[in-house]
Amino acid sequence: MAALWLLVTSAPAAAELRFSDRPEVFLNDHELTVQAVLLGAIPPSLHESLHSGVTTHIRFYVELWQYSRFWVNQILQARMVERQLTYNVVTKEYKVVPTAGEQREPYVTKDLREAQRVASEIRGLKLGRSAVLNPGELYYVRVRADVSLGGVNTFLTRMTGEAEETDWIRSTLLTVTRTQ
């Protein structure tokens, strides 16, 4: 009973994972695109496991919401982008491979900072066509990320330091009409 109480009352490890700023949302060529940068994508607590060959997963959850002043906000689109970061002990190279939500070539480097930079950026993620959005309504984008060893992100893995996640961050309210 005492062990259970200790587990429940102990706080999880201090999260070092955070976004650099609010997500940036752009209306480019009639498409809604999102950019966000995750700081501390591979926390120091996961470096030892990464260097011993355990795959690290980085997931981004991006949602487009319609704002409602007097009612409940409505989710319009949800996307998940997942990347794997692996370290090859023999060649001493890091490899970033997209596994879900995007199409791009694997990236290989010998520098951990470079691998973290590639794994932690969302650039030009398309959320859909702006033509289907009502010009008279307000919209916003929410973004959240998690990093975990072996792709498992649960309460227990966050308590043991094998996974971390950010809180949801939200963009400013957006309109579809262009202003100058």
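Everything numeric here is computed off the predicted structure, so don't read it as measured data.

### Regarding the confidence of the model for the chain
Next up, step 1: Of all residues in the chain, 88% have pLDDT values of 70 or greater, and the mean over the chain is 83.
Next up, step 2: This model gives residues 2-15 a pLDDT under 50, and the stretch forms 9 contacts once residues within four places in sequence are excluded.

### Overview of the packing of aromatic side chains
Next up, step 1: Summed over the entire model, instances satisfying the criterion amount to 2 aromatic pairs.
Next up, step 2: An angle of 5 degrees between the planes, with centres 6.2 Å apart, marks the rings of Trp-65 and Tyr-140 as stacked. Here the residue Trp-65 occupies a position in strand E4 (residues 56-67), and Tyr-140 occupies one in strand E9 (residues 138-149), the gap between them amounting to 75 residues.
Next up, step 3: Look at Trp-65 and you get buried, because its relative accessible area is 16%.
Next up, step 4: Here Tyr-140 falls in the buried class, since its relative accessible area comes to 5%.
Next up, step 5: Taking 4.7 Å as the distance between ring centres and 45 degrees as the angle between the ring planes, the aromatic pair formed by Tyr-87 and Tyr-94 counts as tilted.
Next up, step 6: Exposure remark for Tyr-94: the relative accessible area of 6% places this residue in the buried category.
Next up, step 7: We note Arg-142 situated over the ring of Trp-168; from NZ or CZ to the ring centre the distance is 4.1 Å.
Next up, step 8: The residue whose ring lies beneath Arg-170 is Tyr-140, and the NZ or CZ to ring-centre distance is 4.1 Å.

### A word on the environment of Glu-82
Next up, step 1: Along the chain, the position of Glu-82 falls in strand E5 (residues 74-88).
Next up, step 2: Leave out the neighbours within four places in its chain, and Glu-82 touches His-57, Ile-58, Arg-59, Val-97, Pro-98, Thr-99 and Ala-100.

### Observations regarding the nonpolar core
Next up, step 1: One finds Leu-38, Ile-58, Phe-60, Val-62, Leu-85 and Val-141 to be the most contacted residues of the largest nonpolar core, which totals 35 residues.
Next up, step 2: Listed by contribution, the elements that provide at least two residues to this core are strand E3 (31-39), E4, E5, strand E6 (93-100), helix H3 (112-120), strand E8 (121-129) and E9.
Next up, step 3: Considering each element in turn, this core owes the most residues, 6 residues, to E9.

### Brief notes about the pattern of salt bridges
Any two side chains of opposite charge can pair if their charged atoms end up close together.
Next up, step 1: Tallied over the full model, the rule gives 11 salt bridges.
Next up, step 2: The partner of Glu-102 in a salt bridge is Arg-104, and the shortest N-O contact between them spans 3.8 Å.
Next up, step 3: Looking at Arg-104, the relative accessible area reads 37%, which means it is partly exposed.
Next up, step 4: For Arg-123, the salt bridge identified is with Glu-121, shortest N-O distance 3.6 Å.
Next up, step 5: Judged by its relative accessible area of 48%, Arg-123 falls in the partly exposed class.
Next up, step 6: Counted as one network, the salt bridges with shared partners bring together Glu-114, Arg-117, Glu-121 and Arg-123.

### Focus: the pairing of E9
Next up, step 1: Where burial is concerned, most of E9 is hidden: 10 out of the 12 residues are buried.
Next up, step 2: Note that E4 and E9 share 12 bridges and pair antiparallel. Looking across to E9, one finds that Gln-66 is bridged to Tyr-139.
Next up, step 3: Where E9 and strand E10 (residues 163-165) come together, 3 bridges link them in antiparallel fashion. When the sheet's bridge partners are listed, Val-147 is paired in E10 with Glu-164.

Thresholds, definitions, all that
Residues numbered from 1 in each chain as written. Predicted model: local features only at pLDDT ≥ 70, side-chain atom pairs only at ≥ 80, totals over all residues. Heavy atoms only, no water. pLDDT = per-residue confidence, 0-100. Contact = heavy atoms within 4.5 Å. Phe/Tyr/Trp six-rings, centres within 6.5 Å; stacked < 30°, edge-to-face > 60°. Helix = DSSP H or I, 4+ residues; strand = E, 2+ residues; numbered from the N terminus. Buried < 20%, exposed > 50% of the residue type's maximum accessible area, 1.4 Å probe, protein only. Lys NZ or Arg CZ within 6 Å of the ring centre and 35° of its normal. Core = buried A, V, L, I, M, F, W, Y, C linked by side-chain atoms within 4.5 Å. Salt bridge = Lys/Arg side-chain N within 4 Å of Asp/Glu carboxyl O. Pairing = 2+ DSSP bridges.

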